Amino acid sequence: MSKYAELSREELIARLEAIDTPGGSTSRQTLPLKSLPREEYMRNGRARLDKPFDFPVHPTRHIALMLTYHGWPYSGLAIQSDPSLATVEGELLKALEKVHLVEHGKGFEGCFYSRCGRTDRGVSGEGQVVNLHVRSQMKEGRGWKAPERGEGPVQEHISTETMDEPNAKPRKPRKEHENEFSYPRLLNGVLPPSIRVLAWAPVDEGFDSRYSCTYRHYKYPFHLDGTLDLSVMREAAGSFIGTHDFRNFCKIDGSKQIENHARTVVKAYFDETEANGLVVFNLIGTAFLWHQVRHIIASLFLIGRGLEDVGMIKKLLDTKMNPSKPAYHMGEPLPLTLHECGYPEPLDWRIGGYDGPFISLSPEEKKSVWKRAMAGRDKLEREFIAKKQHAELRSWQIAGGLRTLHKIMPEEEGEDKGDMVSYPVGGGEVKLTARYKKVMERQRGDEPAEVNRKWLITRARKDAVAAAANASDE
């Protein structure tokens, strides 16, 4: 067969034009890429159709992923109906589809995705856990599931029984692998730098990152200046421990129709040693309401500043005396971080493709499989160290203006700053007021039942308007 027989019309025209051009080359490699249709690509010098990825012929398995992410570039963790809003889950789904770990176009519903906790706009995570079904390259394993169609487990030979058509070529057997995909490596290669998958773990079919979780641990760092009394804040934090109705320490959302606002706080404490120059407030509970942690830290700031007394916490927890929340500012989202999600049995985390078990091994056994289980750990560690150092350098540079200001215009001793009252709300932000009004004396919002009722009425009106509009179109 002629060597020109396999060329497309566009390639033949490009070759003729190259011959007619003085000094032109007839080499295939000089053919303009634009002469090829978009759906084609070059493989071994030949134009081939880019066939869609056939996901159902691949096995899947149920795994958990541990995520770390910066909250400030995103409109929260949860994917939104508005595609213009950048979210952590939106980026994760795009990455999963890009490396064909989930079926394209099926969304999170198609892979039975679940998350441990939902963090809001600006809130970060360093131990968020999600679970889902992803493509596997193994023939068995914990959480493994056979493909929906196709060859199933690895075949020993090529079988003509798998042919779709009489003239079709036998399907090649799927290669047997000793290791699973390194899911963190695959995803981190296409995720934005602000999101990283730290580890993966095989899980049983009944595991759910949300409903199997026994506790969530949040951290809220802040600078301790001379205006905050940490000892009083510690005393006040103890009032939150136990099971209470936290309706006055959250934002009521009528769309969720929550009737029970009772939640259990296991621990509430301050750590002065964890972060250099910062105090970290730790709050551990079985579950949390919307903006609960940010309302709690805001109330502690007011008490630490001396604007409220310790007894305010118990008054707000007494929902018979105070059935609705007074208006007060909640803490800024920037410092808030979901630190850890706890489970009855620790998950068997690993980074590389080693398919366990790992956590139950003896030290000697772990040593023998360490390279396979932790492949990619050093690279990820170096990436985090570099980011941390870059942030420290930027922090030093940002503080340069403050250093120069203090140098050229030092503050005079005994300078009168006026009668303004200031108090922190986290993230370096402060609120200023000429006259501070006690929280218990402020205007109150509606009780949760009333918020729910009003939302249902508004929803019914919107549905009626939409129904009327649809009827008129018909």
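What you see is a predicted model; the values in this text were computed from it and never measured. Within each chain, residue numbers correspond to sequence positions counted from 1 in written order. Predicted model: local features are reported for residues with pLDDT of at least 70 only, side-chain atom pairs are reported and counted for 80 or more only, and whole-chain, interface and lining totals are derived from all residues. Each side-chain value is worked out from all heavy atoms of the structure, with water and hydrogens disregarded.

Enquirer: Can you help me understand helix α5 (residues 292–304) in this one?
Expert: Because each turn of an α-helix spans 3.6 residues, side chains separated by three or four positions in sequence point in the same direction. Segments assigned H or I by DSSP are reported as helices when at least four residues long, segments assigned E as strands when at least two residues long, and all are numbered from the N terminus. Every helix has an expected span of 1.5 Å times one less than the residues it contains. Counted at 1.5 Å a residue, the expected span for α5 with its 13 residues is 18 Å, and the 18 Å between its end C-alpha atoms agrees. A positive phi of about 90 degrees marks Gly-306, the residue just after α5.

Enquirer: Just to check I follow, could you spell out the pattern of salt bridges for this structure?
Expert: Close approach of charged atoms allows side chains with opposite charge to pair. Any carboxyl oxygen of Asp or Glu within 4 Å of a side-chain nitrogen of Lys or Arg constitutes a salt bridge here. Scanning all chains against the criterion turns up 19 salt bridges. Asp-446 is paired through a salt bridge with Lys-454; the nearest N and O atoms lie 2.8 Å apart. The buried label applies to any residue whose accessible area, calculated with a 1.4 Å probe on protein chains only, is under 20% of its type's maximum; exposed applies above 50%, and partly exposed to all values in between. Judged by its relative accessible area of 39%, Lys-454 falls in the partly exposed class. Residues joined by salt bridges that share partners form a network here, namely Arg-61, Glu-180 and Asp-355.

Enquirer: Which parts of the structure should I look at to understand a nonpolar patch on the surface?
Expert: Nonpolar side chains (Val, Leu, Ile, Met, Phe, Trp, Tyr) are joined into patches within 5 Å and like charges within 9 Å, using only residues with over 30% relative accessible area and no salt bridge. Only the protein chains shown count as cover for residues, with accessible areas throughout obtained via the Shrake-Rupley method and a probe of 1.4 Å. Residues Leu-402, Leu-405, Ile-408 and Met-409 make up a contiguous nonpolar surface patch of about 400 Å² in total accessible area. Considering the arrangement of structural elements, one finds Met-409 in the loop between α9 (400–408) and β13 (421–426). You can call Met-409 exposed: its relative accessible area is 52%.

Enquirer: Any chance you could explain the environment of Gly-76 here in plain terms?
Expert: Within the secondary structure, Gly-76 sits in the loop between β3 (60–69) and α2 (88–98). Along the sequence, Gly-76 and Asp-120 sit 44 residues apart, while their C-alpha atoms lie 4.3 Å from each other. We call two residues in contact whenever any of their non-hydrogen atoms come within 4.5 Å of each other. Once residues lying within four places of it in the same chain are set aside, the contact partners of Gly-76 are Thr-87, Val-88, Thr-119, Asp-120 and Arg-121.

Enquirer: Where do I start with the nonpolar core in this structure?
Expert: As a rule of thumb, soluble globular proteins bury nonpolar side chains together. We define the nonpolar core as a collection of buried residues of types Ala, Val, Leu, Ile, Met, Phe, Trp, Tyr and Cys that are connected through side-chain atoms lying within 4.5 Å of one another. One finds Phe-222, Phe-249, Phe-270, Phe-281 and Leu-300 to be the most contacted residues of the largest nonpolar core, which totals 52 residues. For this core, the secondary structure elements donating two or more residues are β8 (215–222), α4 (230–237), β10 (262–271), β11 (279–285), α5, α6 (311–317), β12 (337–342) and β13. Tyr-74, Val-99, Phe-108 and Tyr-113 belong to the second largest nonpolar core, which has 28 residues in total.

Enquirer: So what exactly am I meant to see when it comes to the packing of aromatic side chains here?
Expert: Two numbers describe a pair of aromatic rings. These are the distance of the centres and the angle of the planes. Stacked, edge-to-face and tilted labels apply to pairs of Phe, Tyr and Trp rings (six-membered ring for Trp) whose centres lie within 6.5 Å, assigned for plane angles under 30 degrees, over 60, and everything in between, in that order. Applying the stated criterion to the full structure yields 15 aromatic pairs. Where Phe-207 meets Tyr-343, the ring centres are 5.2 Å apart and the plane angle is 50 degrees; that geometry is what we call tilted. Of this pair, Phe-207 sits in the loop between β7 (195–202) and β8 while Tyr-343 sits in the loop between β12 and α7 (363–373), and the two are 136 residues apart along the sequence. Overall, the relative accessible area of 12% leaves Phe-207 in the buried class.

Enquirer: How should I be thinking about the packing of α4 against α5 in this particular structure?
Expert: A fitted line through C-alpha atoms serves as each axis, taken over the contacting stretch for helices, and the angle formed by two N-to-C directions is quoted from 0 to 180°. Viewed as axis vectors pointing N to C, α4 and α5 meet at an angle of 135 degrees, and their least axial separation amounts to 8 Å. Here α5 runs oblique to α4, going by the angle between their axes. The chirality of how α4 crosses α5 is right-handed. On α5, the residues that touch Val-232, Met-233, Ala-236 and Ala-237 of α4 are Leu-300, Phe-301, Ile-303 and Gly-304. Note that Gly is not counted as nonpolar here; it falls among the polar residues with everything else outside the nonpolar set of Ala, Val, Leu, Ile, Met, Phe, Trp, Tyr, Cys and Pro and the charged set of Asp, Glu, Lys and Arg. Tallied by class, residues from the contact of α4 with α5 come to seven nonpolar, one polar and no charged. Should an angle fall under 35 degrees it is taken as roughly parallel, and over 145 as roughly antiparallel, whereas 65 to 115 is taken as roughly perpendicular and any remaining angle as oblique. Crossing handedness is read from the near helix: turned anticlockwise from the far helix by less than a right angle, it gives a left-handed crossing, and turned clockwise, a right-handed one.

Enquirer: Can you walk me through unusual backbone geometry in this structure?
Expert: Backbone torsion omega between Gly-356 and Pro-357 reads 0 degrees, so that peptide bond is classified as cis. In this structure, Pro-357 sits in the loop between β12 and α7. Backbone geometry at Phe-112 places phi at a positive 55 degrees, although glycine is not the residue there. One can find Phe-112 in the loop between α2 and β4 (114–115).

Function-wise, these values are silent; they only describe arrangement.
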